[in-house]
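# Examination of the molecular architecture
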Amino acid sequence: MKRILWDVDTQVDFVHAGGKLAVPGAEEVVPAMARLVEWARAEGIPHVASADDHELSDAEISGEPDYRTTYPPHCLRGTRGAEKIAETAQEDPVPLGLHPVKERWIRGREFLLLKKHFDVFTNPHADMLLQRLEPDEVVLFGVATDVCDDAAIRGLLARGRTVTFVEEAARGLDEERTAACLAAWRESGVRFATLEQAVAGFSRASSLPMGAL
């Protein structure tokens, strides 16, 4: 089975308590996030990470946010808040922005999908990566459960992918909305795994051969 690790927006502004759009309880699950990244690295499993890459002119940024489609300034390009936390930082990722990159550059194990919208599939390289990696299973974690995790999972399901969600390595912004997302995912066939189950599922036999990337 070919697996990839899908890391959703584990950035300073979201995960650290002092971040500009801190997700409640996110700091508490950093050890779980770190363990998933460490295991993927050790086993040669592709690590696809998404990251907000905002500018103040972006449509999602607002001085009067509704916290559904608009949010206060966060993860602004070039700021500390936009960086990935140390525990999930990639060693040498291929950065993929919104402008098309020639396929010859899409090589390696780590990929960073930069985005200006909470839906990662607004970045055309998300689809390109799925087509190249062709995973049998996408193991997903990150923040926020009820916003960017939800958009990523819905997008993956719409593309016929099997998704496993590691709740121990994720947190949401709104408790009620998060519960609704979890229920909807279960109905849609998303698999839920503990951290131990997810890590136990990683093996060299399940990773994608590096020569295939």
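Structure first, text after, so check above.
The shown structure was predicted, so the numbers you read here are calculated from the model rather than taken from an experiment.

What the chain contains, in helices and strands, is six helices and seven strands. Listing each helix as α and each strand as β along the chain from the N terminus yields β-α-α-β-β-β-α-β-α-β-α-β-α. Taken over the C-alpha atoms alone, the chain extends approximately 50 × 35 × 30 Å along its principal axes. Within the chain, the proportion of its 213 residues that are buried is 54%. For the chain, the share of sequence-separated contacts (at least 6 apart) that also reach a separation of at least 24 residues comes to 74%. Working note: accessible area of the chain is about 9500 Å², and carbon and sulfur atoms make up 51% of it. Seen as two clouds, the 24 positive and the 35 negative side-chain charges of the chain have centres 7 Å apart.

Below, the discussion takes up the sheet that holds strand S2 (residues 47-52). Paired through their backbone hydrogen bonds, the strands of a sheet run either parallel or antiparallel. Spatial ordering of the open sheet is given by S3-S4-S2-S1-S5-S6-S7, a layout of seven strands whose pairing is parallel. Edge strands, defined here as strands with exactly one partner in the open sheet, are strand S3 (94-96) and strand S7 (191-193). When strand polarity is set aside, the average angle formed by the axes of neighbouring strands in this sheet is 25°. Two strands pair when backbone bridges link them, and strand S1 (residues 3-8) and S2 are joined in this way by four bridges, in the parallel orientation.

Under the criterion given, the structure shown has one cavity of 30 Å³ or more. In this model, the largest cavity occupies a volume close to 100 Å³. What lines the largest cavity is a set of 13 residues, among which Phe 14, Leu 21, Val 147, Cys 148 and Leu 173 lie closest to the centre. Residue classes in the lining of the largest cavity are distributed as 10 nonpolar, one polar and two charged.

By volume, the largest pocket amounts to about 200 Å³. As for the largest pocket, its lining consists of Ala 51, Asp 52, Asp 53, Arg 77, Gly 78, Ala 82, Glu 83, Lys 84, Ala 89, Gln 90, Leu 112 and Leu 114. Where the lining of the largest pocket is concerned, the elements lending two or more residues are S2 and strand S4 (110-115). When its residues are assigned to classes, the lining of the largest pocket shows five nonpolar, two polar and five charged.

Enumeration over the complete set of coordinates arrives at four aromatic pairs. Arranged with centres 6.2 Å apart and planes meeting at 25°, the rings of Trp 6 and Phe 121 form a pair that is stacked. Separated by 115 residues along the polypeptide, Trp 6 in strand S1 and Phe 121 in the loop between S4 and helix H3 (124-133) bring together distant segments of the chain. We classify Phe 121 as buried; its relative accessible area is 10%. A centroid spacing of 5.8 Å and a plane angle of 80° characterise the contact between Phe 165 and Phe 192, whose relative ring orientation is edge-to-face. Of this pair, Phe 165 sits in strand S6 (residues 163-171) while Phe 192 sits in strand S7, and the two are 27 residues apart along the sequence. Judged by its relative accessible area of 22%, Phe 192 falls in the partly exposed class.

What counts as what
- Residues numbered from 1 in each chain as written.
- Predicted model: local features only at pLDDT ≥ 70, side-chain atom pairs only at ≥ 80, totals over all residues.
- Heavy atoms only, no water.
- Helix = DSSP H or I, 4+ residues; strand = E, 2+ residues; numbered from the N terminus.
- Buried < 20%, exposed > 50% of the residue type's maximum accessible area, 1.4 Å probe, protein only.
- Contact = heavy atoms within 4.5 Å.
- Areas by Shrake-Rupley, 256 points an atom, 1.4 Å probe, with all protein chains shown as cover.
- Lys, Arg positive; Asp, Glu negative; His and termini not counted.
- Charge placed at Lys NZ, Arg CZ, Asp CG, Glu CD.
- Pairing = 2+ DSSP bridges.
- Axes fitted to C-alpha atoms, helices over the stretch in contact; angles between N-to-C directions.
- 1 Å grid on protein atoms, 1.4 Å probe; cavity = no way out; pocket = protein on both sides within 12 Å on 5 of 7 lines; lining within 4 Å.
- Points joined across faces, edges and corners; volume = space filled by probe spheres on them.
- Nonpolar A, V, L, I, M, F, W, Y, C, P; charged D, E, K, R; others polar.
- Phe/Tyr/Trp six-rings, centres within 6.5 Å; stacked < 30°, edge-to-face > 60°.

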